[in-house]
Amino acid sequence: MSTTPQVVISYRRGPRWGAATLVHQSLTHAGRTAIIDHLNGGLVNTQFQGAIRVCRVFLPILGPGDLDRCAQADDPFMATLALAFTSNCVVLPVLVDYFSYERSKQLLVGILSDLPKLQVIRIEPHQPYVGVEKLLATIDQMLDPVNTDPDMWVRSTGDTKDGLHMTHAMQGQVDTFCDNAETAILQMDWIHGVAMLRRAL
């Protein structure tokens, strides 16, 4: 893979792995160039920062408790959100596990106060693929080359050329991860595979 990532997925380590992986695999199978931060262990390194700066759509996966540590100065998930809000991409939150902004409203300060104003996609545990299909359709609309809606985009404050150069270095590793994950899924019985994904969500 040597093309610029269209979509970047970021998530809180731990319980969001299943939902983030489902979203990533769905995007790649739909032919979209997507990067997920499995490999950096939650650390916001320069390569992943570069991917955020040059992507078209940034997907933060949000579940219950995921905003609790965002007030910490060194929180990596908050760092990715802050960078996305100042880059030339659409921020499209993906809400999972019945996440509610209302239950987290005391945490919605600073740049996080913009989150409830954004369009969101919900992926519910009992019917995950309904949300996934809606997500794919929404991203297709955002990536449409004739879409010139000025309200959809924010002005970049990052160096796009440097960001593109940095992100190319990590994409070979991401390809290897995706190939291994896909092989594991294809070796499973479909019924068991769906059951595992639903439990992960």
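Residues numbered from 1 in each chain as written. Predicted model: local features only at pLDDT ≥ 70, side-chain atom pairs only at ≥ 80, totals over all residues. Heavy atoms only, no water.

A.B. asks: Just checking my understanding: could you explain the packing of helix H2 (residues 46-54) against helix H3 (residues 76-85) for this structure?
C.D. replies: Between H2 and H3, the least distance of the axes is 9 Å, while the angle of their chain directions is 35°. By crossing handedness, the relation of H2 to H3 is classed as right-handed. Note on element contacts: H3 touches H2 through Thr80, Leu83 and Ala84, opposite Phe48, Gln49, Ile52 and Arg53. Partitioning the contact of H2 with H3 into residue classes produces four nonpolar, two polar and one charged. (Axes fitted to C-alpha atoms, helices over the stretch in contact; angles between N-to-C directions. Helix = DSSP H or I, 4+ residues; strand = E, 2+ residues; numbered from the N terminus. Left-handed = near helix turned anticlockwise from the far one by under 90°. Contact = heavy atoms within 4.5 Å. Nonpolar A, V, L, I, M, F, W, Y, C, P; charged D, E, K, R; others polar.)

A.B. asks: Explain the environment of Ser26 to me, please; I cannot follow it from the model alone.
C.D. replies: Position of Ser26 among the secondary structure elements: in helix H1 (residues 17-29). Its relative accessible area of 14% is what places Ser26 among the buried residues. Separated by 110 residues in the primary sequence, Ser26 and Leu136 place their C-alpha atoms 8.0 Å from one another. Residues in contact with Ser26, not counting those within four places in the same chain, are Val132 and Leu136. (Buried < 20%, exposed > 50% of the residue type's maximum accessible area, 1.4 Å probe, protein only.)

A.B. asks: What is the right way to look at H3 in this model?
C.D. replies: Side chains of residues three or four places apart in an α-helix project in the same direction, reflecting 3.6 residues per turn. Of all ten residues in H3, seven are buried; the element is thus mostly enclosed. Taken as a whole, H3 has its buried residues at Phe77, Met78, Thr80, Leu81, Leu83, Ala84 and Phe85. Packing partners of the buried residues in H3 comprise strand E1 (7-11), H2, strand E3 (57-62) and strand E4 (90-91).

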